[in-house]
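Residue-level structural notes
Okay, here's what each chain looks like letter by letter:
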Amino acid sequence: MSNRVRMLRWGLYALCALAPAAYVLASEGLPAKPRAVARFAPNRGGFGADYFPEVTLRTHEGKEVRLYDDLLKDKVVVINFMYARCEGICPGTTANLRRVQNRLGDAVGRDVFMYSFTLKPEEDTPDVLRTYAAAHGVKPGWLFLTGSAGDLDLVRRKLGFVDPDPEIDGSASSHIGVVLYGNVAHQQWAACPCLTNPDVMLEQILWMLPQEKRPGIGVAPRAPAEVSQLPPVHP
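All figures in this text were calculated on a predicted structure; none of them were measured in a lab.

Of all residues in the chain, 73% have pLDDT values of 70 or greater, and the mean over the chain is 78. Contacts from residues 1-45, a stretch scored under 50 in pLDDT, to residues over four places away or in other chains number 125 contacts. Counting interchain partners and residues more than four positions distant, the pLDDT-below-50 stretch residues 227-235 has 21 contacts.

Take the pattern of salt bridges next. Under the defined criterion, the tally for this structure stands at nine salt bridges. Linking D70 and R66 is a salt bridge whose minimum nitrogen-to-oxygen distance equals 3.3 Å. Its salt-bridge partner being R110, residue D111 comes within 3.0 Å of it at the nearest N-O pair. Through salt bridges that share partners, R66, D69 and D70 make up one connected network.

To continue, consider the packing of aromatic side chains. As enumerated under the stated definition, the model contains eight aromatic pairs in all. Considering the side-chain rings of F81 and F117, the 5.3 Å spacing of their centres and the 25° angle between planes classify their relative orientation as stacked. Here F81 is found in strand 4 (residues 76-82), whereas its partner F117 is found in strand 5 (residues 112-118), with 36 residues between them in sequence. We note that F81, like F117, is buried. The cationic tip of K120 hangs over the ring face of Y83; the distance from NZ or CZ to the ring centre is 4.2 Å. Sitting above the plane of the Y51 ring, K158 keeps its charged end 4.3 Å from the centroid.

Conventions adopted
Residues numbered from 1 in each chain as written. Predicted model: local features only at pLDDT ≥ 70, side-chain atom pairs only at ≥ 80, totals over all residues. Heavy atoms only, no water. pLDDT = per-residue confidence, 0-100. Contact = heavy atoms within 4.5 Å. Salt bridge = Lys/Arg side-chain N within 4 Å of Asp/Glu carboxyl O. Phe/Tyr/Trp six-rings, centres within 6.5 Å; stacked < 30°, edge-to-face > 60°. Helix = DSSP H or I, 4+ residues; strand = E, 2+ residues; numbered from the N terminus. Buried < 20%, exposed > 50% of the residue type's maximum accessible area, 1.4 Å probe, protein only. Lys NZ or Arg CZ within 6 Å of the ring centre and 35° of its normal.

Now the structure itself:
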(Lines give C-alpha, C1' and ligand atoms only; values in the text may rest on other atoms or scores of the structure.)
Protein backbone atom coordinates (compact mmCIF):
# COMPACT_ATOMS: atom_id res chain seq x y z
CA MET A 1 0.00 0.00 0.00
CA SER A 2 1.46 3.39 -0.98
CA ASN A 3 2.15 6.05 1.64
CA ARG A 4 -0.41 8.38 0.06
CA VAL A 5 -3.15 5.77 0.15
CA ARG A 6 -2.30 4.96 3.76
CA MET A 7 -2.30 8.67 4.57
CA LEU A 8 -5.93 8.91 3.51
CA ARG A 9 -6.96 5.51 4.80
CA TRP A 10 -6.45 6.33 8.44
CA GLY A 11 -7.97 9.85 8.32
CA LEU A 12 -10.82 9.88 10.84
CA TYR A 13 -10.21 6.19 11.61
CA ALA A 14 -11.72 6.66 15.05
CA LEU A 15 -14.90 8.23 13.70
CA CYS A 16 -15.89 6.92 10.28
CA ALA A 17 -15.06 4.71 7.32
CA LEU A 18 -14.75 6.32 3.90
CA ALA A 19 -15.51 4.57 0.63
CA PRO A 20 -12.42 2.68 -0.63
CA ALA A 21 -12.75 4.24 -4.09
CA ALA A 22 -12.44 7.65 -2.50
CA TYR A 23 -9.01 6.81 -1.10
CA VAL A 24 -7.76 5.79 -4.52
CA LEU A 25 -9.16 8.86 -6.29
CA ALA A 26 -7.74 11.24 -3.72
CA SER A 27 -4.37 9.51 -3.60
CA GLU A 28 -4.06 9.81 -7.37
CA GLY A 29 -4.72 13.55 -7.13
CA LEU A 30 -7.97 13.37 -9.09
CA PRO A 31 -10.96 15.63 -8.39
CA ALA A 32 -13.29 12.91 -7.18
CA LYS A 33 -16.97 12.77 -8.02
CA PRO A 34 -17.75 9.85 -5.75
CA ARG A 35 -20.07 9.46 -2.89
CA ALA A 36 -16.75 10.11 -1.20
CA VAL A 37 -18.28 11.00 2.08
CA ALA A 38 -19.52 9.24 5.16
CA ARG A 39 -22.15 10.24 7.64
CA PHE A 40 -21.86 9.26 11.24
CA ALA A 41 -23.35 9.96 14.61
CA PRO A 42 -21.47 10.08 17.90
CA ASN A 43 -21.25 7.12 20.21
CA ARG A 44 -23.08 7.17 23.48
CA GLY A 45 -22.35 10.37 25.41
CA GLY A 46 -22.09 12.59 22.37
CA PHE A 47 -19.52 15.04 21.12
CA GLY A 48 -20.21 18.01 23.35
CA ALA A 49 -18.52 20.08 26.02
CA ASP A 50 -17.63 16.95 28.00
CA TYR A 51 -15.90 15.36 25.01
CA PHE A 52 -13.85 18.19 23.52
CA PRO A 53 -10.88 19.55 25.52
CA GLU A 54 -11.25 23.25 26.29
CA VAL A 55 -7.69 24.05 25.24
CA THR A 56 -6.64 27.57 24.34
CA LEU A 57 -5.28 28.07 20.83
CA ARG A 58 -4.09 31.08 18.86
CA THR A 59 -5.38 32.14 15.46
CA HIS A 60 -3.31 33.37 12.52
CA GLU A 61 -4.67 36.80 13.46
CA GLY A 62 -3.01 36.52 16.88
CA LYS A 63 -6.22 36.06 18.89
CA GLU A 64 -6.59 33.52 21.69
CA VAL A 65 -9.59 31.20 21.34
CA ARG A 66 -11.00 28.21 23.21
CA LEU A 67 -11.61 25.05 21.23
CA TYR A 68 -15.17 24.26 22.24
CA ASP A 69 -16.74 27.51 23.46
CA ASP A 70 -15.24 29.76 20.77
CA LEU A 71 -14.71 27.47 17.77
CA LEU A 72 -17.16 24.59 17.92
CA LYS A 73 -20.17 25.18 20.14
CA ASP A 74 -23.45 25.35 18.17
CA LYS A 75 -21.61 25.90 14.86
CA VAL A 76 -21.41 24.29 11.44
CA VAL A 77 -17.70 23.75 10.90
CA VAL A 78 -15.24 22.66 8.19
CA ILE A 79 -11.96 21.30 9.59
CA ASN A 80 -8.63 20.08 8.28
CA PHE A 81 -5.09 19.60 9.55
CA MET A 82 -2.10 21.05 7.70
CA TYR A 83 1.31 22.67 8.02
CA ALA A 84 2.72 25.62 6.13
CA ARG A 85 5.95 24.10 4.79
CA CYS A 86 4.22 21.20 3.10
CA GLU A 87 5.16 20.29 -0.46
CA GLY A 88 2.68 17.46 -0.64
CA ILE A 89 -1.09 17.62 -0.46
CA CYS A 90 -1.52 20.72 1.78
CA PRO A 91 -1.40 23.38 -0.97
CA GLY A 92 -3.96 21.47 -3.04
CA THR A 93 -6.20 21.07 0.00
CA THR A 94 -5.99 24.78 0.81
CA ALA A 95 -6.78 25.67 -2.81
CA ASN A 96 -9.77 23.31 -2.75
CA LEU A 97 -11.08 24.80 0.49
CA ARG A 98 -10.55 28.31 -0.86
CA ARG A 99 -12.89 27.41 -3.72
CA VAL A 100 -15.42 26.23 -1.15
CA GLN A 101 -15.03 29.48 0.79
CA ASN A 102 -15.45 31.56 -2.36
CA ARG A 103 -18.65 29.73 -3.29
CA LEU A 104 -20.11 30.09 0.21
CA GLY A 105 -19.36 33.81 0.23
CA ASP A 106 -20.53 35.78 3.26
CA ALA A 107 -21.91 32.61 4.87
CA VAL A 108 -18.33 31.79 5.95
CA GLY A 109 -17.75 33.36 9.35
CA ARG A 110 -21.50 33.74 9.90
CA ASP A 111 -23.18 30.38 9.28
CA VAL A 112 -20.19 28.18 8.38
CA PHE A 113 -16.82 28.34 10.13
CA MET A 114 -13.61 27.02 8.57
CA TYR A 115 -10.64 25.89 10.69
CA SER A 116 -7.18 24.67 9.68
CA PHE A 117 -5.15 23.30 12.60
CA THR A 118 -1.38 23.08 12.21
CA LEU A 119 0.41 19.80 12.83
CA LYS A 120 3.74 21.60 13.34
CA PRO A 121 3.13 24.31 15.93
CA GLU A 122 6.85 24.62 16.63
CA GLU A 123 7.20 26.01 13.08
CA ASP A 124 3.77 27.47 12.40
CA THR A 125 3.56 30.58 14.54
CA PRO A 126 0.65 33.00 14.05
CA ASP A 127 2.92 35.10 11.79
CA VAL A 128 3.79 32.10 9.62
CA LEU A 129 0.14 31.07 9.37
CA ARG A 130 -0.90 34.64 8.58
CA THR A 131 1.59 34.75 5.72
CA TYR A 132 0.36 31.36 4.49
CA ALA A 133 -3.29 32.44 4.60
CA ALA A 134 -2.53 35.66 2.71
CA ALA A 135 -0.51 33.81 0.07
CA HIS A 136 -3.47 31.50 -0.57
CA GLY A 137 -6.08 34.25 -0.74
CA VAL A 138 -7.91 33.17 2.40
CA LYS A 139 -10.77 35.47 3.38
CA PRO A 140 -12.32 36.26 6.80
CA GLY A 141 -14.22 33.43 8.44
CA TRP A 142 -11.46 30.87 7.90
CA LEU A 143 -9.01 30.58 10.79
CA PHE A 144 -5.59 28.93 10.87
CA LEU A 145 -4.80 27.76 14.38
CA THR A 146 -1.69 27.00 16.38
CA GLY A 147 -0.89 26.38 20.04
CA SER A 148 1.16 24.02 22.16
CA ALA A 149 2.17 20.72 20.60
CA GLY A 150 0.41 18.76 23.34
CA ASP A 151 -2.86 20.66 22.98
CA LEU A 152 -2.94 20.32 19.21
CA ASP A 153 -2.17 16.61 19.40
CA LEU A 154 -5.09 16.22 21.80
CA VAL A 155 -7.36 18.17 19.43
CA ARG A 156 -6.25 15.97 16.53
CA ARG A 157 -7.07 12.80 18.41
CA LYS A 158 -10.42 14.05 19.67
CA LEU A 159 -11.40 14.99 16.13
CA GLY A 160 -10.51 11.48 14.99
CA PHE A 161 -7.42 12.18 12.87
CA VAL A 162 -5.60 9.10 14.16
CA ASP A 163 -4.14 5.86 12.87
CA PRO A 164 -3.97 2.62 14.87
CA ASP A 165 -0.39 2.10 13.68
CA PRO A 166 1.82 4.18 16.03
CA GLU A 167 4.52 4.61 13.38
CA ILE A 168 2.07 6.07 10.86
CA ASP A 169 0.29 8.10 13.53
CA GLY A 170 3.61 9.70 14.49
CA SER A 171 4.08 11.19 11.03
CA ALA A 172 2.58 14.66 10.48
CA SER A 173 2.24 13.95 6.76
CA SER A 174 -0.20 11.17 7.59
CA HIS A 175 -2.86 13.53 8.92
CA ILE A 176 -3.58 15.86 6.02
CA GLY A 177 -5.70 13.84 3.60
CA VAL A 178 -9.20 14.37 4.96
CA VAL A 179 -11.62 17.27 5.40
CA LEU A 180 -14.10 16.95 8.27
CA TYR A 181 -17.30 18.94 8.56
CA GLY A 182 -20.25 18.89 10.86
CA ASN A 183 -23.13 20.49 12.67
CA VAL A 184 -21.89 20.45 16.25
CA ALA A 185 -25.24 21.28 17.86
CA HIS A 186 -27.00 18.43 16.03
CA GLN A 187 -24.02 16.07 16.40
CA GLN A 188 -23.98 15.39 12.66
CA TRP A 189 -20.57 14.87 11.08
CA ALA A 190 -19.19 13.80 7.72
CA ALA A 191 -15.84 13.63 5.97
CA CYS A 192 -14.33 13.39 2.51
CA PRO A 193 -10.89 13.16 0.93
CA CYS A 194 -9.31 16.59 0.68
CA LEU A 195 -9.11 16.50 -3.14
CA THR A 196 -12.79 15.79 -3.58
CA ASN A 197 -14.58 18.01 -6.11
CA PRO A 198 -15.47 21.22 -4.22
CA ASP A 199 -19.09 20.96 -5.39
CA VAL A 200 -19.36 17.60 -3.62
CA MET A 201 -18.01 19.21 -0.44
CA LEU A 202 -20.51 22.04 -0.81
CA GLU A 203 -23.42 19.62 -1.16
CA GLN A 204 -22.58 18.02 2.19
CA ILE A 205 -21.85 21.32 3.97
CA LEU A 206 -25.16 22.81 2.81
CA TRP A 207 -26.95 19.71 4.09
CA MET A 208 -25.54 20.49 7.56
CA LEU A 209 -27.09 23.97 7.53
CA PRO A 210 -30.69 24.75 8.48
CA GLN A 211 -32.71 25.43 5.34
CA GLU A 212 -33.12 29.12 6.11
CA LYS A 213 -29.34 29.57 6.29
CA ARG A 214 -28.44 27.83 3.05
CA PRO A 215 -26.99 30.35 0.58
CA GLY A 216 -28.24 30.24 -2.99
CA ILE A 217 -25.05 29.18 -4.75
CA GLY A 218 -26.36 26.86 -7.44
CA VAL A 219 -25.54 23.70 -5.49
CA ALA A 220 -28.25 21.51 -3.97
CA PRO A 221 -27.72 20.07 -0.48
CA ARG A 222 -27.17 16.34 -0.46
CA ALA A 223 -27.09 14.02 2.54
CA PRO A 224 -23.80 12.16 2.99
CA ALA A 225 -23.78 8.44 2.32
CA GLU A 226 -24.87 6.27 5.18
CA VAL A 227 -22.39 4.26 7.25
CA SER A 228 -23.94 1.16 8.74
CA GLN A 229 -21.35 0.47 11.42
CA LEU A 230 -18.84 2.73 13.11
CA PRO A 231 -15.61 1.94 14.89
CA PRO A 232 -15.46 3.07 18.52
CA VAL A 233 -14.35 6.60 19.32
CA HIS A 234 -11.07 6.61 21.21
CA PRO A 235 -9.90 9.45 23.42
